[in-house]
Amino acid sequence: QVHLVESGGGLVQPGGSLRLSCTASRIFFTIYGMRWYRQALGQERELVAEISTVRWTNYVDSVTGRFTISRDNAKNTVYLQMNSLKPEDTAVYYCNAQHETSGLKYWGQGTQVTVSS
């Protein structure tokens, strides 16, 4: 059974930083594009950042210049470095793995990020 386990969430003050990690098990990690989504209370889940198998990256406009997605294939892990956090970044952040050809998707359980003073 495939597992995606997120970590690194928590409470941070506005302007602060957090690094989220997502470690995958039981998949051939290098052939999966990896994504971070977030869902704020009462809102739709939105794509925040993605990194392809060849490390092409893309970000939603609201986080461009503040967030950085990266991957370490040797550790089966994808990261989301979040800087200059704002209260509107508060959400549950989900890791997603999508097979590069079949489109098969897996989801993590989510990690809460709260930005508040």
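Refer to the structure printed above.
So, here's what we can say about the structure. Nothing here was measured: the structure is a model prediction, and the numbers come from that model.

**Comments concerning the overall build of the chain**
Next up, step 1: Along its length, the chain carries zero helices and eleven strands.
Next up, step 2: Along the chain direction, N to C, the helices and strands of the chain fall in the order β-β-β-β-β-β-β-β-β-β-β.
Next up, step 3: Its C-alpha atoms give the chain a radius of gyration of 13 Å, near enough to 13 Å, the size a compact globule of 117 residues would have.
Next up, step 4: Dimensions of the chain, computed from the C-alpha atoms along their principal axes, are close to 40 × 25 × 25 Å.
Next up, step 5: A total of 117 residues make up the chain; the buried ones form 44% of that total.
Next up, step 6: For the chain, restricting intrachain contacts to residue pairs at least 6 apart in sequence, the fraction spanning at least 24 positions comes to 54%.
Next up, step 7: Working note: accessible area of the chain is about 6100 Å², and carbon and sulfur atoms make up 49% of it.
Next up, step 8: A gap of 6 Å separates the mean positions of the 11 positive and 9 negative side-chain charges of the chain.

**Some points on the environment of Arg38**
Next up, step 1: Tracing the backbone through its elements, the reader meets Arg38 in strand β4 (residues 32-39).
Next up, step 2: By relative accessible area, Arg38 is classed as buried at 6%.
Next up, step 3: Sequence spacing of Arg38 and Thr111 is 73 residues, and the spatial spacing of their C-alpha atoms is 9.3 Å.
Next up, step 4: Setting aside chain neighbours within four positions, we find Arg38 in contact with Glu44, Arg45, Glu46, Val48, Ser62, Val63, Phe67, Glu88, Asp89, Ala91, Val92 and Tyr93.

**Here's the deal with the packing of aromatic side chains**
In this description, an aromatic ring pair is defined by two values, namely the gap between the centres and the angle between the planes.
Next up, step 1: Counted under the stated rule, the structure contains two aromatic pairs.
Next up, step 2: Both rings, one in Tyr32 and one in Tyr106, keep their centres 6.2 Å apart while their planes meet at 45°; by these two values the pair is tilted. Here Tyr32, found in strand β4, pairs with Tyr106, found in strand β10 (residues 105-107); they are 74 residues apart in sequence, far enough to count as distant.
Next up, step 3: Look at Tyr37 and Trp107: their rings are 4.9 Å apart centre to centre, the planes differ by 55°, and that puts the pair in the tilted class. Note that Tyr37 is positioned in strand β4 and Trp107 in strand β10, a separation of 70 residues in sequence.
Next up, step 4: What makes Tyr37 buried here is its relative accessible area of 14%.
Next up, step 5: On the accessibility criterion, Trp107 (36% relative accessible area) is partly exposed.
Next up, step 6: Its end group placed over the ring of Tyr94, Arg45 keeps NZ or CZ at 3.8 Å from the ring centre.

Cut-offs applied
Residues numbered from 1 in each chain as written. Predicted model: local features only at pLDDT ≥ 70, side-chain atom pairs only at ≥ 80, totals over all residues. Heavy atoms only, no water. Helix = DSSP H or I, 4+ residues; strand = E, 2+ residues; numbered from the N terminus. Rg over C-alpha atoms; globule rule 2.2 N^0.38 Å. Buried < 20%, exposed > 50% of the residue type's maximum accessible area, 1.4 Å probe, protein only. Contact = heavy atoms within 4.5 Å. Areas by Shrake-Rupley, 256 points an atom, 1.4 Å probe, with all protein chains shown as cover. Lys, Arg positive; Asp, Glu negative; His and termini not counted. Charge placed at Lys NZ, Arg CZ, Asp CG, Glu CD. Phe/Tyr/Trp six-rings, centres within 6.5 Å; stacked < 30°, edge-to-face > 60°. Lys NZ or Arg CZ within 6 Å of the ring centre and 35° of its normal.

Read these as spatial facts, not as claims about activity.
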